[in-house]
Amino acid sequence: MSLDTVSYKIPVARSAADLRAAVAEWRKEGLSVALVPTMGALHDGHVSLVDLARKKTDRVVVSIFVNPTQFAPNEDFSAYPRTEATDAARLEGKADLIFAPDAADMYPEGFSTTVSLTGVTEPLEGTFRPTHFAGVATVVAKLILRALPDIAIFGEKDWQQLMVIRRMVTDLDIPVEILGGPIMREADGLAMSSRNVYLTPDERKAAGQLNVILRETADAVTKGAPISEATAEGGKRILALGFSKLDYLEIRDASSLAPFPDDRPTGDARILVAAKIGKTRLIDNMPV
Ligand code: PAF
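Since the structure is predicted, the reported quantities are computational estimates derived from the model, not experimental observations.

Parameters and conventions
Throughout this document, residue positions are counted from 1 along each chain, in the order its sequence is written. In keeping with the model being predicted, local features are shown solely for residues with a pLDDT of at least 70 and side-chain atom pairs are shown and tallied solely at 80 or more, while totals for entire chains, interfaces and linings include all residues. Note: side-chain values were computed over all heavy atoms of the structure, leaving out hydrogens and water. Helical segments are the DSSP runs of H or I of at least four residues, strand segments are the runs of E of at least two, and each set is numbered from the N terminus. Throughout, the radius of gyration refers to the C-alpha atoms, and the reference size of a globule is 2.2 Å times the residue count to the power 0.38. Categorising residues by exposure relies on relative accessible area from a 1.4 Å probe, with only protein chains included: less than 20% of the type maximum marks a residue as buried, more than 50% marks it as exposed, and the intermediate range marks it as partly exposed. The rule for a residue being near a molecule or strand is that one of its heavy atoms must lie within 4 Å of it. Within 3.5 Å is the distance limit for a polar contact, defined as a pair of N or O atoms, with the added protein rule that one can donate a hydrogen and the other accept it, and that residues adjacent in sequence qualify only through two side-chain atoms. The protein chains shown are the only cover counted for residues, whose accessible areas, like all others here, come from Shrake-Rupley with a 1.4 Å probe. Only the six-membered ring of Trp is used, alongside the rings of Phe and Tyr, when aromatic pairs are assigned; centres must lie within 6.5 Å, and planes under 30 degrees apart are stacked while those over 60 apart are edge-to-face, with the rest tilted. By the criterion adopted, a ring carries a charge over it if an Arg CZ or a Lys NZ lies within 6 Å of its centre and within 35 degrees of its normal. Here, the term nonpolar core denotes a set of buried Ala, Val, Leu, Ile, Met, Phe, Trp, Tyr and Cys residues that are joined through side-chain atoms within 4.5 Å. Two residues form a contact once any of their heavy atoms are found within 4.5 Å. DSSP-based pairing: two strands are paired if at least 2 bridges between them are found. Angular values range over 0 to 180 degrees, each being the angle between N-to-C directions of two axes fitted as lines to C-alpha atoms, with helices fitted over their stretch in contact. By definition, a salt bridge exists where a carboxyl oxygen of Asp or Glu is found within 4 Å of a side-chain nitrogen of Lys or Arg.

A. Quick look at the overall build of the protein. Helix and strand counts for the protein come out as ten helices and nine strands. Against the 2.2 N^0.38 benchmark of 19 Å for 288 residues, the protein shows a C-alpha radius of gyration of 19 Å, consistent with a compact globule. Principal axes of the C-alpha set define a box for the protein whose edges measure 60 × 40 × 40 Å. Evaluated residue by residue, the protein yields a buried proportion of 52% over its 288 residues.

Set out below in structure tokens:
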């Protein structure tokens, strides 16, 4: 095993072999293991997932890998913030190991496999980012199969991603428990995201209203408004805030993400939004 124990106070595994060797040592001692997959640029939302992992298991691995295959060519892969040293400092005393492979380790020459799901990947994000979830499912399958954790934890902010990953591990019989961690919000309710750093002060102010409109739209439906009317009204309000493009504002079945046929929720429902302000695309969601 050749963990990097020099760069930071927390050890780093950079290859599958080193990750597996570290986990195998813990297994010999009978310890349980959690994996928190991230793309780095860690904020309090990520840290809350690590804290949740700590409560559930004896050892916590945080992976940091900006996965190229989940970005479309027009998206922000090269601009995505890469802050490994700061991330490592944030994880001190919280995680036991960072797994930070490079792209050549994750996708070596000749790599030819894609994990692709139908159904839950198709609406919402799937309409606007048609290649995104195949990239996510493939990398998450690899990360889980490399670490073989007891549990893997994902933020509820990417609600559709969480549903996709649950579906994938069920369909492929991957023996891991998938947990969702609640969305962490700024004081004005803006969902924490690594992309919030792109917002100008004016955009940041407007972005803080997105969650208010989500809550009020959801409440209108709870009080009896038809979904289509409430979301149309909510969409107008989002654009009036200065958002340049509303990709979607929808109320869907919380697990399957299918629409409700009678324009009213008949089971667990979730309101989900994606909208662009300036150069930044924000997503958010909450229960109805
Ligand atoms: O949510 C993310 O940060 C990423 O999509 C994930 C799950 C780490 C896969 O690259």
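B. Highlighting unusual backbone geometry. Residue Leu124 is not a glycine yet carries a positive backbone phi of 50°. With respect to the helices and strands, the residue Leu124 is situated in the loop between helix H4 (103-106) and helix H5 (125-128). Backbone geometry at Asp173 places phi at a positive 55°, although glycine is not the residue there. Here Asp173 lies in the loop between helix H7 (159-171) and strand E6 (177-181). Take Asp173: its relative accessible area is 64%, and that puts it in the exposed class.

C. The site of the ligand, seen in detail. Within the structure, the ligand sits among Pro37, Thr38, Met39, Asn67, Gln70, Val139, Val140, Phe154, Asp158 and Gln161. Within the side chain of Gln70, an N or O atom sits 2.6 Å from an oxygen atom of the ligand. Here an oxygen atom of the ligand and a side-chain polar atom of Gln161 are 2.7 Å apart. Burial of the ligand by the protein amounts to 89% of the accessible area it has alone, namely 290 Å². Elements supplying a minimum of two residues to the shell around the ligand: strand E2 (33-38) and helix H6 (132-147).

D. Just the packing of aromatic side chains, in detail. Counted according to the given criterion, the structure contains five aromatic pairs. Seen from their ring centres, Phe65 and Tyr107 are 6.2 Å apart, and the 45° between their planes marks the pair as tilted. Pair noted here: Phe65 is in the loop between strand E3 (59-64) and helix H3 (84-91) and Tyr107 is in the loop between H4 and H5, with a separation of 42 residues, a long-range link. No difference in accessibility class separates Phe65 from Tyr107, as the two residues are buried. By the ring-pair criterion, three or more aromatic residues cluster together here, those being Phe65, Tyr107 and Phe111. We note Arg270 situated over the ring of Trp159; from NZ or CZ to the ring centre the distance is 3.7 Å.

E. Layout of the nonpolar core. Grouped together as the largest cluster of nonpolar side chains are 45 residues, with contacts concentrated most on Leu19, Val61, Val140, Ile144, Met168 and Ile178. Among the elements of the structure, helix H1 (16-28), E2, strand E4 (97-99), H6, strand E5 (151-155), H7 and strand E8 (269-277) are those that each provide at least two residues to this core. Every residue in contact with Ile178, bar those within four places of it in the chain, is listed here: Ile144, Ala152, Phe154, Leu162, Ile165, Arg166 and Val169.

F. Spotlight on the pairing of E8. Across the nine residues that make up E8, a large majority, eight, are buried. As judged from the eight bridges shared by strand E7 (residues 245-253) and E8, these two strands associate in the antiparallel manner. What sits directly across from Lys245, in E8, is Lys276. Across eight bridges, E8 lies against strand E9 (residues 280-287) in antiparallel orientation. Bridging across to E9, Ala275 finds its partner in Leu282. Counted between consecutive antiparallel strands, the loop separating E8 from E9 contains two residues, among which Gly278 sits at a positive phi close to 60°.

G. Quick look at the sheet that holds E6. In space, the six strands of this open sheet follow the order E1-E4-E3-E2-E5-E6, with parallel pairing throughout. With one partner strand each, in any of the chains shown, strand E1 (12-13) and E6 form the two edges of the open sheet. Where E2 lies against E3, six bridges are found, and the strand directions are parallel. Within the sheet, the bridge partner assigned to Val33 lies in E3 and is Arg59. Most of the contacts of H6 go to E2, to which it runs at about 150°, and overall it touches E2, E3, E4, E5 and E6.

H. Seen up close, the pattern of salt bridges. Counting across every chain of the model gives 21 salt bridges. For Arg281, the salt bridge identified is with Asp247, shortest N-O distance 2.8 Å. With Arg281 in strand E9 and Asp247 in strand E7, the pair connects residues that are 34 residues apart, well separated along the chain. Linked through salt bridges whose partners overlap, the residues forming this network are Glu75, Glu125, Arg129, Lys245, Asp247 and Arg281.

I. Looking closely at the environment of Val60. Residue position: Val60 is located in strand E3. Through-space distance from the C-alpha of Val60 to that of Leu35 is 6.0 Å; in sequence the pair is 25 residues apart. Those residues in contact with Val60 that sit more than four places away from it in its chain are Ala34, Val36, Val50, Ala53, Arg54, Lys94, Ala95, Asp96 and Leu97.

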